[in-house]
Amino acid sequence: MFKKVIFEKSVFGLADSPAKNLPGVILCGRSNVGKSTFINSLFNRKNLAKVSSSPGKTRSINYYNVDDTFYIIDLPGYGYAKVSKKEREFWGKLVSEFISSSPNINFAIHFIDSRHKATELDIQLNELLSAADIPYIVLLNKSDKLKQSEFNSAYKNIISQLPELIPDENLFFYSSIKGRSKKEIVKRIYKLFYLK
């Protein structure tokens, strides 16, 4: 469906964003929530995005050019305790400034680990996306690690914290390993940029 996907650029500040004025889909969420693995699974590529076993590794904003039509923009993960407080504050400021001031964000995918409740930082991110008026979905990622009996409580937990979420509308379980919800996400992105 997507013909050509390339890693274009890593930036550490808004001034260094690519010169091409393409719309973008931002990927945001806690450190180690599986955004890099998601990129690889979405485009059926093994090493398009570097996957690290060390949380907090992605410190830059990473741009992936899709068909010269839009960017997938991977924002730094937040909330990882083993980096310095100063560094955590820098990441938080960078992500928050990016979401608040980038004119070309068409859509956001907010990743939350399906095994855990949303954290205070997840709730703040959700509020930031709403305040910036960016359409978004929440992906409860790593759903292959849930037992069948745990799916209902995972839904209930997240909806009790973020009541505007509606299953299969703006809330999905996702698994890069099993491909769960991949078709729905591809369809959503395709509709945004190719069916105008």
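Predicted, not measured: the structure shown is a model, and the values here were computed from it. Position numbers for residues start from 1 in each chain and track the written sequence from start to end. The model is predicted, so local features are restricted to residues of pLDDT at least 70 and side-chain atom pairs to those at 80 or more, both for listing and for counting; the totals for chains, interfaces and linings are taken over all residues. As a rule here, side-chain values come from all non-hydrogen atoms in the structure, and water together with hydrogens is ignored.

J.: I'd like a description of the overall build of the protein, backed by residues and values.
T.: Put simply, DSSP H or I for four residues or longer makes a helix, DSSP E for two residues or longer makes a strand, and each gets a number counted from the N terminus. When you go through the protein residue by residue, the secondary structure sums to 5 helices and 7 strands. In sequence order, the protein lays out its α and β elements as β-β-α-β-β-α-β-α-β-α-β-α. The globule rule puts the C-alpha radius of gyration for 196 residues at 16 Å, and the 16 Å found for the protein is close to it. Principal axes of the C-alpha set define a box for the protein whose edges measure 45 × 40 × 30 Å. Between buried and exposed lies partly exposed: a residue is buried under 20% and exposed over 50% of the maximum accessible area for its type, with that area taken using a 1.4 Å probe on protein chains only. Residues classed as buried in the protein amount to 47% of the 196 residues present. In this setup the radius of gyration rests on C-alpha atoms only. A globule is expected at 2.2 Å times the number of residues raised to 0.38.

J.: How would you explain helix H3 (residues 120–131) if you had to name every residue and give the values?
T.: Take the residue count of a helix, subtract one, and multiply by 1.5 Å to get its expected span. Along its 12 residues, H3 runs 16 Å from first to last C-alpha, staying within 8% of the 16 Å computed at 1.5 Å per residue. All buried positions along H3 are accounted for by Asp122, Ile123, Leu125, Asn126 and Leu129. End-on view of H3: buried residues confined to an arc of 160 degrees, all on one side of the axis. Turned more than 90 degrees from where H3 packs its buried face, Glu120 and Ala131 sit exposed. In the segment just after H3, Asp133 is the residue with positive phi, at about 60 degrees. The directions considered for the arc are those from the helix axis to the C-beta atoms.

J.: Break down helix H4 (residues 151–161) for me, citing the residues and quoting the values.
T.: One full turn of an α-helix is made of 3.6 residues, so residues set three or four places apart face in the same direction. The set of residues buried in H4 consists of Phe151, Ala154, Tyr155 and Ile158. Down the axis of H4, the smallest arc covering the buried residues is 100 degrees, so these residues share one side. For H4, the exposed residues set more than 90 degrees away from the buried face come down to Asn152, Lys156 and Ser160.

J.: Break down the sheet that holds strand E7 (residues 171–173) for me, citing the residues and quoting the values.
T.: What makes two strands pair is DSSP finding at least two bridges between them. Spatial ordering of the open sheet is given by E1-E3-E4-E2-E5-E6-E7, a layout of 7 strands whose pairing is mixed. Looking at the sheet topology across the chains shown, the edges are occupied by strand E1 (5–11) and E7. Strand-to-strand twist across the sheet, computed as the mean angle between neighbouring axes with direction ignored, equals 25 degrees. Note that E1 and strand E3 (residues 61–66) share 6 bridges and pair antiparallel. Across the sheet, the residue bridging to Ile6 is Asn65, located in E3. Two residues qualify as a contact provided that any one of their heavy atoms is within 4.5 Å of a heavy atom in the partner residue. For helices, the fitted axis covers only the stretch in contact; all axes are lines through C-alpha atoms, and the angles between them, taken along N-to-C directions, range from 0 to 180 degrees. Along the sheet face, helix H1 (residues 35–42) touches strand E2 (24–29), E3, strand E4 (70–74), strand E5 (105–113) and strand E6 (136–141) and points at about 140 degrees away from the line of E2. Against the sheet, helix H5 (residues 182–194) makes contact with E2, E3, E4, E5, E6 and E7, and its axis sits at roughly 165 degrees relative to E5, the strand it touches most.

J.: So what's going on with the pairing of E2? Which residues, and what values?
T.: Each regular strand carries side chains that alternate between the two faces of the sheet. Counting buried positions over the 6 residues of E2 gives 6, a clear majority of the element. Where burial is concerned, the two faces of E2 agree: the one with Gly24, Ile26 and Cys28 and the one with Val25, Leu27 and Gly29 are both buried. As defined by bridge partners, E2 adjoins E4 across 4 bridges and the pair is classed as parallel. Bridged to Val25 within E4 is Ile72. In this structure, E2 lies alongside E5, joined through 6 bridges in parallel fashion. By the bridge assignment, Cys28 is partnered in E5 with His110.

J.: Before we move on, could you go through unusual backbone geometry and cite the residues and values that matter?
T.: Despite not being glycine, Asn32 shows a phi value in the positive range, around 65 degrees. Mapped onto the secondary structure, Asn32 falls in the loop between E2 and H1. On the basis of relative accessibility, which here comes to 41%, the residue Asn32 falls in the partly exposed class. Its identity is not glycine, yet Lys142 carries a phi of approximately 60 degrees, on the positive side. Relative to the elements of secondary structure, Lys142 occurs in the loop between E6 and H4. We classify Lys142 as buried; its relative accessible area is 16%.

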